[in-house]
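Topology and contacts: notes
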Amino acid sequence: MRPLRRGMKAVEELEEEMTEAAADSNEDPLEETEDLEPLEPDDGGTFQQVTNLLNIMDSGAAKTDAAGAGPDMRKTLASVIITEKATSEPSVVMNALIRCLQVPKISTQRKVNIYNILQEIIQQEGELEEQGVQRLVAIASKEMRETLEAEGYVKAEVASDTLAALSRNHFSLVMYELQHHLKPLNLTDEFVIITLAKLANGNVFEFMPYMGITLATIFTMLRLANEAKMRQVICSATETFCETVQFYLRHLEDSVYPVMTEDQFAVKLFPLYRYFVTVWLRNQNPEVKLGVIKSLKPMLNLLLPNDDLRDQVYDYIPLLLAEYRGSLEALFITQVLRQILEMSVTTNTPVPEMQLHTIFTELHVQVCAKVPAQQQYSSQNLVEIVQCFIALARSYPKELMKFFFSQIEMSKEAIRVGTLTLIRAVVSADEPRMNIRTISLAIRVVKNTLSDTRFKVRMAILRIIGQLALSGYQDRIKGWGLKYVSVQLTLSTYKLTNHRESFYQRDLEEKMVHKVTMDTVRIITSSVSGMTNEFWVRLLCYIMETDYTEALTPICISLTNLAERQLHTKDAAAGVASKSKHGSFLMSPPPAPCPRTPPCGDSAVLQVWLVWVSESQQVPSVDLPAPQKLLARLLVLMSSPYKGEGRGIAMLNLLRTLSQSIAPSMADMWEVEIPLLVKYLEEHTEFTWNQKTWEDKLIQFLRNSLKKTRGSNWSLRLSKELNNQIESFDSPSLEKGFLYRALGFTLAMGLEADKVEVLLLELLYKTDYSNDFDREGVILCFGLCARGQVKTVLNVLHDFEERIQESEQSWQIGAWRKDHPWRRETVKSALMVIYSCVASYCHPQMLLTHVDNPITAKIIHHYSSSCQDICLKMAFMKSVMQVTKAIKNIKDLEDFQFAQKMTLTGIITATIKEEPTDSLVSPVRTMAMEALSHLSNLKPFYSMEENNELMDISIHSVISLQPPAEDNESIQTLYANAMHALEQLMEGLMQRQLDPKGLQEMVHLLEKWILSEKEGEREKATNLHLHLMQIYVQSIGVCIPLKLGQFGMLVGLMAPCTCDSHRRTRIASMDVLSSLLDLHASQTCSSWGPSKELELAKCKEDLQGPDVEKIFSASSRIAKVACVQFNCDEVVSLIQKLCENIGAMDLQHDKASVTWIGTFLQMRAKELEDKVAEILGAILVHLPVVDHLEVRRCLIEGILLLAHYHQETVLTSLLRQPLPMERHLTEVWLAVAENVPFARTMLHGLMGRLQSRFTPKANATSKADIWRLAAVDPLMTLCTIHLLIQKIDVNDKLLDLFPDLIYTLLLQLSSSQGPEAMSPVLKTWRLVHAGMLPEEINLQRITIQSMQLLFRRLNSEQLVHTLEEQGVWALLQSSSTFLQGVGLLARLCMRSMEGYRQRLSELVLRGMDSDVLSCRISSTAVCVEFMSDPVLYQEKLLKPTVLLLEKGADQEDEALRVLSLRALGNMALGAPKKVRQYRKLLLEKCLDSLRGPVSTSVTSEGMEALAKILAELREGDVGSSFSVLCEQCRAFFDSESELLRLKAFVLFGRLAKVVGISKKHFFKEEVKKAWIPLLLHCQDPCPDAAQACVATVFQCAHFWGWKAPESSSGRSDSSTADEMTVLQTTLCSILTQKKPAVLYSFLLGTMTYVSSNLPRIRSAACDLAGVIMKQMSAHHLKKLDFPALRDWPARGLPRKTTIWAWSPSVPQAFCPAPHHEYLRNASSLIPSTDPHGARVLWVIFVSPLEASRRPRWGDVCADTAPPAVSWLQTQGFPFLSPREPRAVTMVAWGEQGAFHWLSGPRGGGDGRAGS
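A brief look at the structure comes next.

A closer look at the overall build of the chain
A tally of helices and strands in the chain yields 85 helices and four strands. Counting across all 1811 residues of the chain, residues that qualify as buried make up 53%. Considering only contacts within the chain whose residues lie at least 6 apart along the sequence, 74% involve residues at least 24 apart. Carbon together with sulfur atoms contributes 51% to the accessible area of the chain, which is approximately 82500 Å² in total.

Dropping the structure here:
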């Protein structure tokens, strides 16, 4: 339909183009030439349509449309359209086409197209206008007569064809036009003649009236035709004219025109013939010659029947013969000559005798000479020449034979052979029958060549003899012919059987002669009448003695035919006919010279032979062979039935025919058996028959025949004949092999044992044991004989061994065989195999009696007593196999125990071990394994250990062999046999333990070979595994299920092999997996549908290709199919096995292993919850040894896949790995880091592991919880977190995880403080390493580094810089500054990370509620900073925070209490509005810190918190706690702790600010109580405490009724001291006036501080006492005890103290004086300046020395001197000896007052100094 649619579309396009062209033509009318006739009237546009269609046909560049119609289809369609239009209007269309022809400058192709269309129109039915036809004739005639160029020739040819087409309906018009241009003596145009020939061929009867004039006119042109082309045209036309005339003459009855006779035509034709032969045939142009010769044949058909013209034709024969010497093809000349000669025979008008010799010679040369290379038709020419000679023989037989005789006399082989070939052709001519004279002449010629020994001549003579016999001239070949055939038969046979290898060509020639001879024999023997008795005798002898067996088939056929014809000859004499019943054997007498000894046959048979011989007239009496000899000969030859063109059938037929003569008792049986044998051979060919089957049939035929002769010595005589024929055949040969076999069967049926022994012993002695074939033949013969004569055979062997035992030491036992000396090992190997062969063939019961001894014992003896070369080993193994097979074949073995089994096993295994493991040079190991395989089936059976040992030895012996080279076929065969033997042995041994355990043992033995690095070993092991697996599956099936995990282990072993680099290994492993899957599916009753089988088949197909990607894809698909068959335990065993095998082979196997692991984990990961730890353990154990990155990556992906579904289990397993983190574990975590979402999930899990230490232990509710709650090493967890933070994509800021990570790390860092916080990682570390962990791996360092990485991810350089600048990390690293660092870190985070405050607050609250103390402390430290910020209040977390802080303030831990109190105090900073709400709780907890035996830090922190809180409270908010606060605060004014004094002063000042109206009076009393300590501590040795005290004094001053400065900040020490002096003086004066009792109490209180431990307080007390005393009234002064007051400064000094004074401005020393006096007068000695800017520099020496001794300056030099002392040292004062002990007190009085620096004994000073 598609081409039709295309065609329709093309038609539509053509119509559209025609329409467009018509429109264009209306604008540009066609112009024509002037010389044409006027245009026809308007034809309705037909002319234009035709023109358009012709234009389409001319367009060579037509575009192919969408439908596919190309230019050829368009042209065809255009032509069809014109033709179809012509069916309705033929004249109109033809006129249009004629007009188109007249268009000027028309192309040649266009004209060709027009003429072709015109021819189609002319052939249609329909009338054409006469005028149009005339115009067309004129135009075509003119066209074909124009100048013939290359294109013009084409136009002329189509014009000629157009005229020929017109002639069918308008013959007269065309003929008139042609005859008009055919004029006598005027050479016309060649196409006129060509067209005339076409007219004659197409219009025979119409042309006949013009034939005469046409021939006559052409004859007048012959002389004018000088061009070769014109001559060829005329010859071709003449040939056509002659054939037309012959047709006309054969159909004269159909002609309506006047009849012309054959003679009339001949007369007109002969001039042309004569001119062709005499003139044109001599032309040198070969094409002209060929044209002439081809035209002669049809011309002679008209000329030769004319008697007058025939003789004239004979005259021109020499001219034809002369052309043989030219270059013309000889065949065409011979065909003309044969035509003439055969017509001469037919008309009985022989050619002139004078021409005979020329004809004989020219034709004979063609036969004998070598054919020129340019002759293409030599064989056909030879056939034509033979026919010519046959015609000549019929006309001139005598002359021809004379010519042949003359040629035979020449010695040239080619001439003789050619002549004999022609004679044979003459003899073979049947019609008309050659006369006897001609045959006689021919035989005479042949006999003249009988002495020629050249093979071609001999073959030619033999063919003539055969042809004479075929042609019925048998009588003519008797004598000379049969004798020649006999001689040639003998001669060729002799030459063929005694040929030399160097004369290959001669052998081929003799084979050809022999073949022709046999063909001749077959022809001759087909006729009894042509036979002589002598010839029969020769043929019979030929069968018996010839060594050239190729001739046996035709001879046997000939003899069989002759014998059958003789049996049925009716003309035979009555006596002969009566004897034929018993004497048909006479039809096949024996061959050439026969032995003259009397025959051994039956007397009756001999008599028959002699009768026949007496009736032979020319044959002398001969000795005939015995029937046994003939039967033996034919039987042996029939063992190769298809040799010699199928001699088996011929010999069987001959035996059947001669059955009565050979053995009458067998005749009936042979009549039945022989046709069956013949039928078998006919049903087969030499390519389809089976040698063994055929020999078995022959042996059975022999046995059946011998059964008919029981009770006679026939079989023994036949045995002797068979034995005698052994040396007649070569070794090896099929005939001789059958001969040994037949001899064995015949001897087995012998009745006389003593004669059988003689024959067997003779056979042993005459055998050449170095010839393998003969040795095997004798062995087989003895074995077959043992079937019926086992004792006889064993006796013969024993006798033979005893006879040669005398020479066994030297083993020069060649006395019986001088031509073949024996070798010791050869004879021993033969004897071993003979014994085993006896065991194979003897009766089962007899075997059990003799198998142990003597058979097996003799075998072991001969092997052990030899040198054990390869041949002997092979013989031994063969013997063992035969013996064990024989035993095994016994059906009723019962409890038979093979006693020699273990001995044989030991010998065999030792032999296998001795074989080289790298090369294979003999089949010894193959045979040894086969022997073991057979032995394994006999009792006693091998134990399992023995089985495994045998398998291991055998596997190692075979699989380790190097694969053979492809060009070494023998080694390849040995290799294949060894593998097969190993398979059979393994199969046999596995049958003894056919259970999962046995399978596992077998696989275990093969595993190291399956995992071998060598391709050959892997392939062999895999194929062996496949074979045994198939056996196991077939034998066990579903009976015994595999053990748990065994299926996975088996699959895991073979799975990587599916991607092996060796194709056969891949296929074998695929088959193993298929077997395993089938077995598992059957045992577990799991679904295993056809779809899975189909998928496995597709995978197997992909595995056969070389594409690595397809191979891995197929392996992955196999894994997917297999995965569904696995339970979880099997998956674990599979993965464990796959992991074990990684690294065992090459990279491709490793990739396959991880591909399977990945596939199984992808499909089954969800279900493996209980097995994750085992799988992960297997992967992690083997991951360190994996070298290739891609393989490691795949394993790591498997771990990640497990982690995706079982995160807790995987996480715990990974964290339990030892530190430092090994490379493979690092790669796992790096892979985690690459997957950011998964890495974040793992970070959550890791944080959970760290946080779990700070949360109460929960009970596990699932298996995941068990793993999640399992103990892990925190250091390992921290290292992992650090690695993930470091390697996660830097673009991920981890913002959402930041608070949790920071807080978790901070808690971990807090737990690592102190020596008790050592990481438990050391336990696991010591399990792996002997030393300690590297220094850089510790909890604090890893934690801090992780925190630093986190802060760097925030991209806040300012924050990172601040942390570094303020030393946060250093603070965190030290346990003493850790909490300070936490606070600072929290403070900086609060300032810079506002977005994380809420989450951090939640985490802090959670930590504060932890059961872990360190967690609570760290969280509280953070909370301190959070409380100083509104975040908790804003996030509504203040209340829970306060409650937790309350709880923390009650804890025993000092740090926790301090931090809790500090945080509570910071509420005043972060949530001041909430202080009043929680005032009760805050005051209570702070007051608790001031009570009881608590640490200084807790008390100070409590007072500091109270100071902060009171700032936000009013007087009424404090309530009853105010008095307690005041009392507790005053209690710490005189504390030894500077910090407590400082905090107390600050708190008291804060209380002064809180006091309102209601508490003013109360607080005034409190101020009065605290006033003296406050005033004194304004000189506190702690500057901060002194400053705080001054500030408090100023704040409390208004309670005395005057206004004082509120703060001393920004003031210098001198101004503050002045103000204090003024304050003290003013206060004392006021109290003196108003309350002198109070002042007196102040004095008493002040005096209590004179003995203070603080020197400055004592000094201040003295000063204050002086001020008070100055202001006191006399009344109160009287109450004082002045002596006691004078002694107070010396209360603390030694009793014998001398005071010396030294000043730079007063260099003199004061004499010893009481120190109070010295002090009173000291002011006068104060220098004005000193180098350090002090107004006074005063040095006092206090020494235990005598007062008379002047101290030196060195007395003041302690270990560390203040700047003043250093300055004094530079002044050059003398030093004391450092050995003198002393105590020094140095007092320096500066502008700020006095200060002390006290040094004890030299070297023991406490080193403290005031500011």
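Back to the text.
Considering the side chain of T1343
In this structure, T1343 sits in helix α62 (residues 1339–1353). The exposure class assigned to T1343 is buried, which follows from its relative accessible area of 0%. When near neighbours in sequence (up to four residues on either side) are disregarded, T1343 contacts L1278, L1305, Q1308 and L1309.

Focus: empty space enclosed by the protein
Counted by the stated rule, this structure contains nine cavities of 30 Å³ or more. For the largest cavity, the full set of lining residues is I1302, Y1303, L1306, L1385, A1386, C1389, L1400, V1422 and F1426. Among the elements of the structure, α60 (1298–1311), α65 (1378–1392) and α67 (1413–1427) are those that each provide at least two residues to the lining of the largest cavity. Residues belonging to the lining of the largest cavity are distributed by class as follows: nine nonpolar, no polar and no charged.

Observations concerning the packing of aromatic side chains
Under the criterion given, the structure shown has 26 aromatic pairs. Here the aromatic rings of F171 and Y210 are separated by 6.0 Å at their centres, their planes lie at 55°, and the arrangement is tilted. In this pair, F171 is assigned in helix α8 (residues 171–180) and Y210 in helix α10 (residues 204–221), connecting sequence segments 39 residues apart. Overall, the relative accessible area of 31% leaves Y210 in the partly exposed class. Over the ring of F332 we find K294, and its NZ or CZ is 5.7 Å from the ring centre. Sitting over the ring of Y680, K697 keeps its end group 5.2 Å from the ring centre.

Thoughts on the packing of helix α34 (residues 714–724) against helix α36 (residues 753–766)
Running from N to C, α34 and α36 cross one another at 10°; their axes reach a closest spacing of 11 Å. Here α34 is positioned roughly parallel relative to α36, judged by the angle of their axes. Taking contact as the criterion, the partners of L716, S719, K720 and N723 in α34 are, on α36, K755, L759, E762, L763 and K766. Across the contact of α34 with α36, the residue classes break down as three nonpolar, two polar and four charged.

Notes on α34
Among the eleven residues that make up α34, eight are buried, leaving the element largely enclosed by the rest of the structure. W714, S715, L716, L718, S719, E721, L722 and N723 are the residues of α34 that are buried. At its buried positions, α34 is contacted by α29 (627–638), α31 (659–662), α33 (691–707), α35 (734–748) and α36.

Concerning the environment of I234
For I234, the location among the structural elements is in helix α11 (residues 228–250). With 37 residues separating them in the primary sequence, I234 and A197 have C-alpha atoms 9.4 Å apart. In this view, I234 contacts I193, I218, L222, A225, F276 and W280; residues no more than four positions away in its chain are not counted.

A closer look at a negative patch on the surface
A cluster of acidic residues, E262, D263, D308, D311 and D315, forms a negative patch on the protein surface. Only α12 (262–278) and α14 (307–315) provide two or more residues apiece to the negative patch. Top element by residues in the negative patch is α14. It accounts for three residues. Within the secondary structure, D263 is located in helix α12.

Let's talk about the packing of α60 against α62
Here α60 crosses α62 at 160°, and the two axes come no closer than 9 Å. It follows from the interaxial angle that α60 and α62 lie roughly antiparallel. Viewed along their axes, α60 and α62 form a crossing whose handedness is left-handed. Of the residues in α62, those in contact with F1298, L1301, I1302, L1305, L1306, Q1308 and L1309 of α60 are L1339, Q1340, T1343, I1344, S1346, M1347, L1350 and F1351. Grouping the constituent residues of the contact of α60 with α62 by class yields eleven nonpolar, four polar and no charged.

With respect to helix α43 (residues 944–959)
With 16 residues, α43 should reach 22 Å at 1.5 Å per residue; the first-to-last C-alpha distance of 22 Å fits that figure. Those residues of α43 not exposed but buried are N947, N948, L950, M951, I953, S954, I955, S957, V958 and I959. Tucked into the core, α43 has its buried residues touching α41 (901–914), α42 (924–935), α44 (969–991), α45 (996–1010) and α46 (1015–1036).

Describing the pattern of salt bridges
Taken as a whole and judged by the stated rule, the model has 55 salt bridges. Here R647 and E735 are joined by a salt bridge, their closest N and O atoms 2.7 Å apart. With R647 in helix α30 (residues 643–657) and E735 in helix α35, the pair connects residues that are 88 residues apart, well separated along the chain. For the pair formed by R647 and E735, the shared burial category is buried. Notably, a salt bridge pairs K1137 with E1140, separated by 3.7 Å at the nearest N-O pair. Note that K1137 and E1140 are positioned in helix α51 (residues 1128–1141) at a spacing of three residues, about one turn of the helix. Connected through salt bridges with shared partners, the residues K692, E695, D696 and R741 form a single ionic network.

A short note on unusual backbone geometry
Here S731 and P732 are connected by a cis peptide whose omega angle stands at 0°. Mapped onto the elements, P732 comes out in the loop between α34 and α35. The peptide bond linking K939 to P940 adopts the cis configuration, its omega dihedral lying at 0°. Within the element layout of this structure, P940 appears in the loop between α42 and α43. Backbone geometry places L185, a non-glycine residue, at a positive phi of 55°. When you line up the elements, L185 lands in the loop between α8 and α9 (190–202). For N348, which is not glycine, the phi torsion reads 60° and is therefore positive.

Analysis parameters
- The residue numbering used here restarts from 1 in each chain and proceeds along that chain's sequence as written.
- Side-chain atom pairs in this predicted model are given and counted only at pLDDT of 80 or more, local residue features only at pLDDT of at least 70, and totals for whole chains, interfaces and linings cover all residues.
- Think of the side-chain values as coming from all heavy atoms in the structure, minus any hydrogens and water.
- Helix numbering and strand numbering both begin at the N terminus, where a helix is a DSSP run of H or I of at least 4 residues and a strand a DSSP run of E of at least 2.
- Burial here depends on accessible area, computed with a 1.4 Å probe over protein chains only, as a share of the maximum for the residue type. Under 20% is buried, over 50% is exposed, and the range in between is partly exposed.
- The criterion used for residue contact is that any of the two residues' heavy atoms lie within 4.5 Å.
- Here the open area of atoms and residues is found with the Shrake-Rupley method and a 1.4 Å probe, where only the protein chains shown may cover a residue.
- Detection works on a 1 Å grid of protein atoms alone, calling trapped sets that fit a 1.4 Å probe cavities and calling open sets with protein on both sides within 12 Å along at least five of seven lines pockets, with lining residues defined by an atom within 4 Å of a point.
- Grid points are joined across faces, edges and corners, and a volume is the space filled by probe spheres set on the points.
- Only Asp, Glu, Lys and Arg are considered charged, only Ala, Val, Leu, Ile, Met, Phe, Trp, Tyr, Cys and Pro nonpolar, and every remaining residue, Gly among them, polar.
- Centre distance within 6.5 Å is the pairing criterion for rings of Phe, Tyr and Trp, where only the six-membered ring of Trp is used; planes under 30 degrees apart are then read as stacked, over 60 as edge-to-face, and the remainder as tilted.
- Definition used: whenever NZ (Lys) or CZ (Arg) falls within 6 Å of the ring centre and also within 35 degrees of the ring normal, the charge is taken to sit over that ring.
- Here, axes are lines fitted to C-alpha atoms. For helices the fit covers the stretch in contact, and angles between N-to-C directions go from 0 to 180 degrees.
- Each angle receives one of four descriptions, namely roughly parallel if under 35 degrees, roughly antiparallel if over 145, roughly perpendicular if within 65 to 115, and oblique otherwise.
- Residues enter patches when they are more than 30% accessible in relative terms and free of salt bridges; like-charged ones are connected within 9 Å and nonpolar ones (Val, Leu, Ile, Met, Phe, Trp, Tyr) within 5 Å.
- By definition here, a salt bridge exists when the distance from a side-chain nitrogen of Lys or Arg to a carboxyl oxygen of Asp or Glu is within 4 Å.
- Under the counting rule used here, the positive set is Lys and Arg, the negative set is Asp and Glu, and His together with the chain ends is not counted.
- To locate a charge, take NZ of a lysine, CZ of an arginine, CG of an aspartate or CD of a glutamate.
- Crossing handedness: left-handed means the near helix sits turned counterclockwise from the far one by under a right angle, and right-handed means the same turn made clockwise.
- Multiplying 1.5 Å by the residue count of a helix minus one yields the expected span of that helix.

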